[in-house]
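# Analysis of the macromolecular model
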Amino acid sequence: MEEIKKSIKTYVRTSNYYSSKNKLDQNNCIIITGAPGVGKTTLSRVLVHELIVEEEKRNKSNYEFIYIDCINDFNRAYKSKLKQIFLFDDFLGRNYLSEVRNSDDRKLKEIIDRIRKSANKKLILTSRVSILNQAKNISDDYDSSTFISNEELIDVSDLSRIEKAKILSSYFFNTMSTIKETGECTIEIEDFTNQDFYLKIIDHRNYNPRLIEHILNKDNFNASEHTSFKNFSLAALNNPSKVWEKPIKNNLNDIQREILYSVIFTKERTNQEKIYDLTLKNNNIKSQEFFDSLKVMNESFISISIDSNNCNRYIKLLNPSIADFLIPKLINESPSELASLIVSMGSLLDIYTLPNNMELKREKNKYINKHLFFKKLVENLKDKIKFDKETITLSIYALKNANSEKNNCSESLLLDKIIENTSTITQYKQISEILEITKKFKHSKEFDFEKLSKEHLDLLDDHGELADFSFFYNSNTTDWHLDKEIEYKAIEYWSSNLEEKLKSEISSVDFINDDIIDHYNQFDEVDEVDEESVTEEIYDEVEKIVLDICNEYDINIHEDGILSCFDIDSYSESLIDEILNTLENTVKHEIDENQGTLGLEFEDEDEDIDDEDSEDDEIRNLFY
């Protein structure tokens, strides 16, 4: 009971609490499941406490509380005439396969059925969702309606911002109370309130109640290498290994871990069939083992959804912090195996999931074996027969990060293969990257940068691509042979696309000024505007936008070159007509008395802003 009382101090009643309470009241039994760190144990303890307190107030009697570690504990403690609450925390253990024995699944099913029919018994069980899925996969008893009807899944993504803020506030002030009692000054109120730091924690993608408890344990802060509480907090949120390390190591088998590793390096939402093909290609397993593995992992490490349009199944990580924890761990502990997996992924690989140069330099101590990983990556890639655009992209990434040592035979062979297959390249940035790599490693194949640049430029017909081209081309040459051609293609592009750009940047409302409003109030009609003045404003705005466009190129493009191909007079006349229509059709017949501004109909947008401000104010009040 001491642990239960301790949990009550910081607990915040969320929607999960009320749903679980209702289920327990109705069924006398509940199975609380969820990913590591979401608060399963804490919720179970709070439910026990609430039941005891409520019963005491209502009948001046009490429940007998029994914490059980195994099925036999239940049978020994069960007394038919007494009011009893049984709590079986982590009832399936760390791994269902290693814990199940003596037909416990059947016995537990019988106990649940017995409790549900009882008038004076309650049973609360908790389990990591991956372990429960594993049990369901093996035992029909765990997959029966007895278990499914009593399940309550806790998902952090279901928590509202207010609920997250209340949880954070509760832990924070409990910690501050402890610090005040001991006289320590390790964490200050200003650590949270300065620059609304609490909002950064609440809105962090890795927010997790267990992490919040870890962060606000003053002993953890004191034992860390950080002198700033803010840095300590953000470090824990950015790399929450305390939450994921043991569950991944203890709860998943080799196949399940490989599936998880594959999901980490794919796009955020990946077709399940592609993960299936990759897993069976890399492992000698049957189809059923793959699908059984997904059942175990679903809602604990991954999330599986079905697209209503095409009925395809898609997989994504349950929490991005899993990748934050695993990627450096895999690079350091399994560089060879990871390199093989990544090369085998082909088009399934999302190159942006791999650590970039900046991350590797900034956190060099985090990636201790990075050079060995890149070496193995190069060795795997040089033996590839098919060199498609995905292989080129991965090869460039590997060579950019590989060590430039004296005997770089593998690197040289891979670079030659890249040069031989430059025809598959679709991004000009890669051509400039290859040029840099040729300065780093020896190669026997000729790399003609100017020829490739010209060929690539001929294919471009988009502003973004042309602007990128100008930057990468000029950063790698001193001759600037292609500058005039870049300018010509840019002017050609904007001669047919500038009007569309202006429509997206300029609104008729922008030109409704006080003079026009005064005119409207005096005559209650709009039949004319000061066209000369408005036209001048339009010209200025257009020139400003065109100048911004020119500045996006890393070459000298004068705005007159683009404007000479555009009929600005016709555009101005058309916009003035829009201004008149806006005044006649949109402006209310009164001025907002309080604001003294034009009362345009934007109520919905203002309402959203007010709601956001109101929510932030409510959160702010929790910390002041």
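Residues numbered from 1 in each chain as written. Predicted model: local features only at pLDDT ≥ 70, side-chain atom pairs only at ≥ 80, totals over all residues. Heavy atoms only, no water.

## Re the overall build of the chain
- Secondary structure assignment for the chain yields 33 helices and eight strands.
- Here the chain holds 624 residues, and the buried ones make up 48% of them.
- Residue pairs in contact within the chain that sit at least 24 positions apart in sequence constitute 73% of those at least 6 positions apart.
- Accessible area for the chain stands at about 32800 Å²; split by element, carbon and sulfur atoms hold 44% of it. (Helix = DSSP H or I, 4+ residues; strand = E, 2+ residues; numbered from the N terminus. Buried < 20%, exposed > 50% of the residue type's maximum accessible area, 1.4 Å probe, protein only. Contact = heavy atoms within 4.5 Å. Areas by Shrake-Rupley, 256 points an atom, 1.4 Å probe, with all protein chains shown as cover.)

## Comments concerning the nonpolar core
- Membership of the largest hydrophobic core comes to 123 residues, with the highest contact counts inside it found for L260, F265, L377, L394 and Y553.
- What L377 contacts, discounting residues up to four positions off in sequence, is A339, I342, V343, L394, Y397 and A398.
- Within the second largest apolar cluster, 29 residues are counted, among which are Y171, F197, A236 and I619. (Core = buried A, V, L, I, M, F, W, Y, C linked by side-chain atoms within 4.5 Å.)

## Details of a negative patch on the surface
- A cluster of like negative charges, contributed by E499, E500, E531, D567, D569, E573, D577 and E578, occupies part of the molecular surface.
- Those elements giving two or more residues to the negative patch turn out to be α28 (483-505) and α32 (568-585).
- Considering every element that reaches the negative patch, the biggest residue donor is α32, with four residues.
- Position of D567 relative to the elements: it lies in the loop between α31 (559-563) and α32.
- Note on D567: relative accessible area 46%, which makes it partly exposed. (Patch = residues over 30% accessible without salt bridge, like charges linked within 9 Å, V, L, I, M, F, W, Y side chains within 5 Å. Salt bridge = Lys/Arg side-chain N within 4 Å of Asp/Glu carboxyl O. Lys, Arg positive; Asp, Glu negative; His and termini not counted. Charge placed at Lys NZ, Arg CZ, Asp CG, Glu CD.)

## Here's the deal with the pattern of salt bridges
- One pass over the full model with this rule turns up 26 salt bridges.
- Taking the shortest distance from any N to any O, the salt bridge between R76 and D73 comes out at 2.5 Å. Of this pair, R76 and D73 are both found in helix α4 (residues 71-77), three residues apart, which corresponds to roughly one turn of the helix.
- For R76, a relative accessible area of 60% puts it in the exposed group.

## What about the pairing of strand β8 (residues 313-317)?
- Here strand β6 (residues 270-271) runs beside β8; their pairing, made up of two bridges, is antiparallel. Opposite N271, over in β8, you have Y314 as the bridge partner.
- For strand β7 (residues 302-306) and β8, the ladder comprises five bridges, and the chain directions are antiparallel. Within β8, the position partnered with S303 by the bridge is K316. (Pairing = 2+ DSSP bridges.)

## Some details on the confidence of the model for the chain
- Looking at the chain as a whole, the pLDDT averages 81, with 83% of positions reaching at least 70.
- Under a pLDDT of 50 for its full length, residues 94-102 has, in the predicted model, 21 contacts with residues more than four places off or in other chains.
- For the stretch residues 588-607, pLDDT sits under 50, and the model shows 19 contacts to residues farther than four places along the chain or on other chains. (pLDDT = per-residue confidence, 0-100.)

## Things to note about the environment of I275
- Here I275 is to be found in helix α17 (residues 272-282).
- We classify I275 as buried; its relative accessible area is 0%.
- Here the alpha-carbon distance between I275 and L260, two residues 15 residues apart in the chain, equals 9.7 Å.

## Digging into helix α25 (residues 428-438)
- Among the eleven residues of α25, nine are classified as buried, and the element is accordingly described as predominantly covered.
- The set of residues buried in α25 consists of Y428, Q430, I431, S432, E433, I434, L435, I437 and T438.
- Packing partners of the buried residues in α25 comprise α23 (389-401), α24 (409-420), α26 (449-459) and α27 (463-474).

## As for the environment of T426
- Among the secondary structure elements, T426 is positioned in the loop between α24 and α25.
- Assessed through its relative accessible area of 55%, T426 is described here as exposed.
- Between the C-alpha atoms of T426 and L459, which are 33 residues apart in sequence, the distance is 9.5 Å.

## A short note on the side chain of E411
- In this structure, E411 sits in helix α24.
- The buried charged residue E411 lacks any salt bridge, with K375 as its nearest oppositely charged partner at 5.2 Å.

## As for the packing of α24 against α25
- Taken N-terminus to C-terminus, the directions of α24 and α25 make an angle of 145 degrees; their axes are 11 Å apart at the nearest point. Of the two elements, α24 crosses α25, and the hand of that crossing is left-handed. Counting all contacts with α24, which are made through L415, I418 and I419, the residues of α25 involved are I434, I437 and T438.
- Here the residues of the contact of α24 with α25 are counted per class, giving five nonpolar, one polar and no charged. (Axes fitted to C-alpha atoms, helices over the stretch in contact; angles between N-to-C directions. Left-handed = near helix turned anticlockwise from the far one by under 90°. Nonpolar A, V, L, I, M, F, W, Y, C, P; charged D, E, K, R; others polar.)

## Some remarks on the packing of aromatic side chains
- Going through the model one piece at a time under the given rule, you end up with 20 aromatic pairs.
- Ring centres 5.4 Å apart and planes at 45 degrees place the aromatic pair F74 and Y78 in the tilted group.
- Classification of F74 as buried rests on a relative accessible area of 1%.
- Ring centres 5.5 Å apart and planes at 20 degrees place the aromatic pair Y276 and F291 in the stacked group. Of this pair, Y276 sits in helix α17 while F291 sits in helix α18 (residues 287-297), placing them 15 residues apart in sequence.
- These aromatic residues form a ring-pair network of at least three members: Y428, F449, F469 and Y473.
- Stacked on the ring of Y78, the Lys or Arg R114 has its end atom at 3.9 Å from the ring centre.
- Directly above the ring of Y78 sits K121, whose terminal nitrogen or CZ lies 4.9 Å from the centroid. (Phe/Tyr/Trp six-rings, centres within 6.5 Å; stacked < 30°, edge-to-face > 60°. Lys NZ or Arg CZ within 6 Å of the ring centre and 35° of its normal.)

## Some thoughts on the side chain of T422
- Topologically, T422 is positioned in the loop between α24 and α25.
- Setting aside residues up to four positions removed in sequence, T422 forms contacts with I434, F447 and L452.

## Concerning unusual backbone geometry
- Even without a glycine there, the phi angle at N28 is positive, about 65 degrees.
- Mapping N28 onto the fold places it in the loop between α2 (15-27) and β1 (29-34).
- The buried category is assigned to N28, whose relative accessible area is 10%.

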